[in-house]
2 protein chains.
Amino acid sequence: MKKTVFIFGALVLALLTLFKLSKYSFVSGNTSIEFILAAIAIIFFVIGVMINRKVLHKNKTSGKEIDHKKIKQLGLSKREYEVLCEIALGLSNKEIADKLFVSESTIKTHVSNILVKLDAKRRTQAIQIAKELKIIPF
Amino acid sequence: MKKTVFIFGALVLALLTLFKLSKYSFVSGNTSIEFILAAIAIIFFVIGVMINRKVLHKNKTSGKEIDHKKIKQLGLSKREYEVLCEIALGLSNKEIADKLFVSESTIKTHVSNILVKLDAKRRTQAIQIAKELKIIPF
DNA sequence: TAAGATTTCATACTTTAGTATGAGTAGTTT
DNA sequence: AAACTACTCATACTAAAGTATGAAATCTTA
């Protein structure tokens, strides 16, 4: 955000300078008017691109950001959320167990708790619900 | 695409007109130079916004549109693709069978074929792979 | 410190998922 | 017509997923 302020500030300054330059050149007649016009055109073109990127970037990230509040509301613990993410990656209970260095029965316990908290009957349904609730990155 | 051509064409024409106007006003001294500068600034600002929107719009839609070619490349049949979508919705084999008015064993056959064609070990992995291949809407 | 939550694990069980095999039907293409 | 593909179904089996219960260790919080 600080970067944005600096960049836009610099652009505004450059603009004002160009406006003053245009008047001086209008009086002196040295600098060509086309150069001033081109410079202003380029600067505002860049500003347009940047503003648009900022706006669309927010829409993009907001659609992908994780709703951490909802995770707590559901009562999902750290470990359970970890397991949920691995499920969404398509791993089996055994694979998750190996990845997190615990036994398969531990994962089964976590999965059962996850299904209850997400009100899902299967792990595939849990994935779908988690996506709708925006608590997993997809 | 046609709209884009028309809009950009109109913008270019407006620009050229402004450039000529700037020269006339330069001679006659009637129109203020600030007006010309402001007009060019606005026009290029709009152009910048529009171009950026076009570019980002392509990235956005391409990230959501289904790659029908890849479905054929994988050899997935109509029915298999239907089943794949239902799997992604979190339905069980029995639920899919009831929804499509066929027996559960039929669904099992389809699922097995899907897993082979997607090179997946489980249905959850099939969902993940299908998402990466952009053949299911998510 | 006591209460509560989290994480871990096991055992036994039921259910669902997935594989392998074979086979019948319908539609399409050669 | 014969070959091919897609869709259907069944049976029998193995593997994975999920449930229920109990229990122990750790960690946090009142």
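As the structure is a computational prediction, the values presented were derived from the model and not from experiment.

Participant: Explain the nonpolar core to me, please; I cannot follow it from the model alone.
Facilitator: A general feature of soluble globular proteins is that nonpolar side chains tend to end up buried together. Residue and element names in this part refer to chain B. By size, the foremost hydrophobic cluster in this structure holds 24 residues, and its most contacted members are Val83, Leu84, Leu118, Ile135 and Ile136. Secondary-structure elements contributing two or more residues to this core are α4 (78-88), α5 (93-100), α6 (104-118) and α7 (123-132). Take this core: its biggest share by element is six residues, from α4.

Participant: Help me understand the protein's contact with DNA strand D in this model?
Facilitator: The environment of DNA strand D is formed by 18 residues, the closest being Lys108, Ser112 and Arg123 of chain A together with Ser77 and Ser103 of chain B. The share of sugar and phosphate among atoms of DNA strand D within 4 Å of the protein is 72%. Between DNA strand D and the protein, one listed contact pairs a phosphate oxygen with a backbone N or O atom of arginine 123 of chain A at 2.7 Å. In the environment of DNA strand D, a phosphate oxygen lies 2.9 Å from a nitrogen or oxygen atom belonging to the side chain of arginine 79 of chain B. For the surface near DNA strand D, the secondary structure elements donating two or more residues are α6 (104-118) of chain A together with α4 and α6 of chain B.

Participant: What am I meant to see in the pattern of salt bridges here?
Facilitator: Any two side chains of opposite charge can pair, so long as their charged atoms come close to each other. Counted by the stated rule, this structure contains 12 salt bridges over all chains. Of the charged contacts in the structure, one is a salt bridge between lysine 99 of chain A and glutamate 86 of chain A, with a shortest N-O distance of 2.9 Å. You can see lysine 99 of chain A sitting in helix α5 (residues 93-100) and its partner glutamate 86 of chain A sitting in helix α4 (residues 78-88), a full 13 residues away along the chain. The exposure class assigned to lysine 99 of chain A is partly exposed, which follows from its relative accessible area of 45%. The salt bridge partner of glutamate 95 of chain A is arginine 122 of chain B, with a shortest N-O separation of 2.8 Å. Linking glutamate 95 of chain A in helix α5 with arginine 122 of chain B in the loop between α6 and α7, this pair reaches from one chain into another.

Participant: Whenever I open this one, the side chain of serine 92 of chain B confuses me. Can you help?
Facilitator: Tracing the backbone through its elements, the reader meets serine 92 of chain B in the loop between α4 and α5. With a relative accessible area of 16%, serine 92 of chain B lands in the buried category. Non-local contacts of serine 92 of chain B, meaning those with residues more than four positions away in its chain, are made with Arg122 of chain A together with Arg123 of chain B.

Participant: Looking at this model, I keep getting lost on α6 of chain B. Mind explaining?
Facilitator: Side chains three or four residues apart in an α-helix point the same way, a direct result of the helix having 3.6 residues per turn. Taking 1.5 Å of rise per residue, 15 residues should cover 21 Å, and α6 of chain B covers 21 Å from first to last C-alpha, within 8% of that figure. Against the buried residues of α6 of chain B lie α3 (68-74), α4, α5 and α7 of chain B.

Participant: Looking at this structure, how should I read the protein's contact with DNA strand C?
Facilitator: Close to DNA strand C lie 18 residues, the nearest being Ser77 and Ser103 of chain A together with Lys108, Ser112 and Arg123 of chain B. The contact atoms of DNA strand C, taken as those within 4 Å of the protein, divide so that sugar and phosphate hold 71%. In the model, a phosphate oxygen of DNA strand C is placed 2.9 Å from a nitrogen or oxygen of the threonine 106 of chain A side chain. One of the side-chain nitrogen or oxygen atoms of threonine 109 of chain A is found 3.5 Å away from a base nitrogen of DNA strand C. When residues of the surface near DNA strand C are traced back to their parent elements, those giving at least two are α4 and α6 of chain A together with α6 of chain B. Class assignment for the residues of the surface near DNA strand C results in three nonpolar, nine polar and six charged.

The rules we used
Residues numbered from 1 in each chain as written. Chains lettered and ligands numbered in written order. Predicted model: local features only at pLDDT ≥ 70, side-chain atom pairs only at ≥ 80, totals over all residues. Heavy atoms only, no water. Core = buried A, V, L, I, M, F, W, Y, C linked by side-chain atoms within 4.5 Å. Buried < 20%, exposed > 50% of the residue type's maximum accessible area, 1.4 Å probe, protein only. Helix = DSSP H or I, 4+ residues; strand = E, 2+ residues; numbered from the N terminus. Near = heavy atom within 4 Å. Polar contact = N/O pair within 3.5 Å; in protein donor to acceptor, adjacent residues only side chain to side chain. Salt bridge = Lys/Arg side-chain N within 4 Å of Asp/Glu carboxyl O. Contact = heavy atoms within 4.5 Å. Expected span 1.5 Å × (residues − 1). Nonpolar A, V, L, I, M, F, W, Y, C, P; charged D, E, K, R; others polar.

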